[in-house]
Amino acid sequence: MPEVYFRVDPRLVHATVMNAWVPELEVGRLVIADAKVLADPRRRHILHMSAMDEVEVEFVVPARLGLRLKEGADALVLFSDVDSVMAAAEGGLAIDELNVGHLPATDGRSARHPAVHLGPRDVGQLERLQKEGTRVYLQPLPNDPPLAPFGIPRPVAVKRPRRPAPRSPSEGGVHRRRLQIVNERGLHLRAAHVLAHAAGKMSCEVRVGRNERMVNAKSLLGLTTLGAARGSWLDVEVEGPGAVGALDELEALFESGFTEGAGP
Amino acid sequence: MIGVVLLSHGHLAEALLQTATEIVGPIEGATSLAVSRSDPLREVEHRLTQIVQRSDQGSGVLVLADMFGGTAANVALELVGRHRLEVVTGMNLPMVLKLSTSLDDATELGALAQLLKFYGQRNVVVASELLKEREQDA
């Protein structure tokens, strides 16, 4: 019997599935269980092309999934919505685990996770599935912890353990920009205070400096030791949650002369 | 692990890295560096050198640059031979996405560079033509 994973994700074959889930689950085929897609040749062509010959792509009506999954390569089954999952279950398919990986904010749904929105209808159906023995969880990306779909958000155990978490939460590593000091008095105590205060509110790490000497921008003391005069350039490094947005904010702050304006 | 530096004019490199993170999750070991029009070349080279040194954990560093013949790539090429690095140009989102699953297993820098080049090129297609061919064959 092939190993089979089930995921709700109306984008079906797309970048996250191909670049994150297929390598993570090591499956050889994607099975699209959707009656509408099966009846739409153009949609089938587009989804098939999107797999770029890296995996097989099959299309089936949900009620016939059970038969299709009895043999063949390990598979990731993709559903467009919870309705399709119910149709598969009613067709006799046993679903041990179901990852609700993505549902957009439409049809009166509310956010359970930034990428997963559930409405009353979804919740009712998922509760029924759980009662019948399916372990339902939310996990958009392999690096995300699998979360319980209802109640207090808590991690749940699933058959494919998630990869070890990266050493620090990040937006893909360290981001850097070189920014110029434009206010007349340079990074003097008051300006340094404005910068440290802004950096202190950011959840990412912020470092500022020149050459190899970088200081923690959340520390006023560190900033004042830089002795950065007007016209000098500083390297700004950010790392962690919200890093790139923080970099934009810091750039605006530098351009405003730390709210003192550009000197004459 | 092989280190990776995404290098571009303006903020393209950091935007690519951030977008890739939204699609596949964090890419460990990858950092970005922006080259601005006002940066003197020697300065850019100095900063890149520092970053390459910091990123090199013993297996070398792969530099992905935005375009062949651009300043970013040209500065990176100056470092070839002085540091253990490969420079791949024409960086695109599929290449950056591919990093997320290839860095863990990649041990040979040259092989990783070739893989990403292949993958990046493979993703440049006239997709509408491919679709029409398929629809005609069906």
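Keep in mind the model is a prediction, meaning the values are calculated, not measured.

Q: In this structure, what is going on with the overall build of chain B? I would like to understand it.
A: Check the secondary structure of chain B and you find six helices and four strands. Mapped in sequence order, the helices and strands of chain B form the string β-α-β-α-β-α-β-α-α-α. Taking 14 Å as the expected radius of gyration for a compact globule of 138 residues, we find that chain B reaches 16 Å, a close match to that expectation. Along the first, second and third principal axes, the C-alpha set of chain B runs to 55 × 35 × 30 Å. Expressed as a percentage of its 138 residues, the buried residues of chain B come to 41%. Of the contacts formed within chain B by residues at least 6 apart in sequence, a portion of 71% connects residues at least 24 apart.

Q: Help me out: how do you make sense of the sheet that holds strand 3 (residues 61-65) of chain B in this one?
A: Residues and elements named next belong to chain B. Overall, parallel pairing links the four strands, which are arranged 2-1-3-4 in an open sheet. The open sheet has two edge strands, strand 2 (30-35) and strand 4 (85-88), and neither has a second partner. Taking the axes of each pair of neighbouring strands and ignoring which way they run, one obtains an average angle of 20° across the sheet. Note that strand 1 (residues 3-9) and strand 3 share five bridges and pair parallel. The residue of strand 3 that forms the bridge with Val4 is Leu62. Contacts from helix 3 (residues 71-78) reach strand 1, strand 2, strand 3 and strand 4, with the element oriented near 140° to strand 1. Contacts from helix 5 (residues 109-122) reach strand 3 and strand 4, with the element oriented near 5° to strand 4.

Q: I would appreciate a short explanation of the interface of chain A and chain B in the present structure.
A: Reports of interface size often rely on the accessible area that becomes lost once the parts have come together. Taken together, the contacts link 25 residues of chain A with 28 residues of chain B. Contributing elements (two or more residues each) for the side of chain A that touches chain B: helix 1 (15-25), helix 3 (41-50) and strand 9 (174-180) of chain A. Of the residues that constitute the side of chain A that touches chain B, the class distribution is eleven nonpolar, eight polar and six charged.

Q: What is the right way to read helix 5 (residues 82-90) of chain A from this model?
A: Each full turn of the α-helix corresponds to 3.6 residues, which orients residues three or four apart in the same direction. Residue and element names in this part refer to chain A. Taken together, the buried positions of helix 5 are occupied by Val82, Ser84, Val85, Ala87, Ala88 and Ala89. The inward-facing, buried residues of helix 5 abut strand 1 (4-8), strand 2 (29-33), helix 4 (65-68), strand 4 (75-79), strand 5 (97-100) and helix 6 (120-131). Immediately beyond the C-terminal end of helix 5, within one or two residues, lies Gly92, with a positive phi of roughly 100°.

Q: Would you mind showing me how to read the nonpolar core here?
A: Burial of nonpolar side chains together is a common tendency in soluble globular proteins. With 83 residues, the main nonpolar core has Val77 of chain A together with Leu6, Leu7, Leu62, Val63 and Leu64 of chain B as its most contacted residues. Apart from residues lying up to four places away in sequence, Leu64 of chain B is in contact with Val4, Leu6, Leu7, Val88, Met91 and Met95 of chain B. Of all hydrophobic cores here, the second largest spans 25 residues; its members include Leu187, Ala191, Ala199 and Val208 of chain A.

Q: Honestly, the pairing of strand 11 (residues 213-216) of chain A in this entry has me stumped. Any pointers?
A: Walk down a regular strand and you will see the side chains alternate between the two sheet faces. All names here are of chain A. Looking at chain direction, strand 10 (residues 205-210) and strand 11 are connected through four bridges and run antiparallel. If you follow Gly209 over to strand 11, its bridge partner there is Met214. Here strand 10 hands over to strand 11 after two residues, with Asn211 in that stretch at a positive phi of 50°.

How each quantity is defined
- Each chain carries its own residue numbering, running from 1 in the direction its sequence is written.
- As a convention, the first chain written is A and the first ligand written is 1, with the rest following in written order.
- Confidence filtering applies because this is a predicted model: local features only for residues at pLDDT of at least 70, side-chain atom pairs given and counted only at 80 or more, and all residues used for totals across whole chains, interfaces and linings.
- Helix and strand labels come from DSSP, where a helix needs a run of H or I of at least four residues and a strand needs a run of E of at least two; each type is numbered from the N terminus.
- Atoms considered for the radius of gyration are the C-alpha atoms alone. The globule rule reads 2.2 Å times the number of residues to the power 0.38.
- Any residue with 12 or fewer other C-beta atoms within 10 Å of its own C-beta is exposed, any with 20 or more is buried, and the rest are partly exposed; the C-beta atoms used are placed from the backbone.
- Two residues qualify as a contact pair if the distance between their C-beta atoms, derived from the backbone, is within 7 Å.
- For two strands to be treated as a pair, DSSP must find no fewer than two bridges joining them.
- Angles here are taken between N-to-C directions and fall from 0 to 180 degrees, while the axes themselves are lines fitted to C-alpha atoms, restricted in helices to the stretch in contact.
- Each residue receives one of three labels: charged for Asp, Glu, Lys and Arg, nonpolar for Ala, Val, Leu, Ile, Met, Phe, Trp, Tyr, Cys and Pro, and polar for the others, Gly being one of them.
- Think of a nonpolar core as buried Ala, Val, Leu, Ile, Met, Phe, Trp, Tyr and Cys residues chained together by C-beta atoms that fall within 7 Å.

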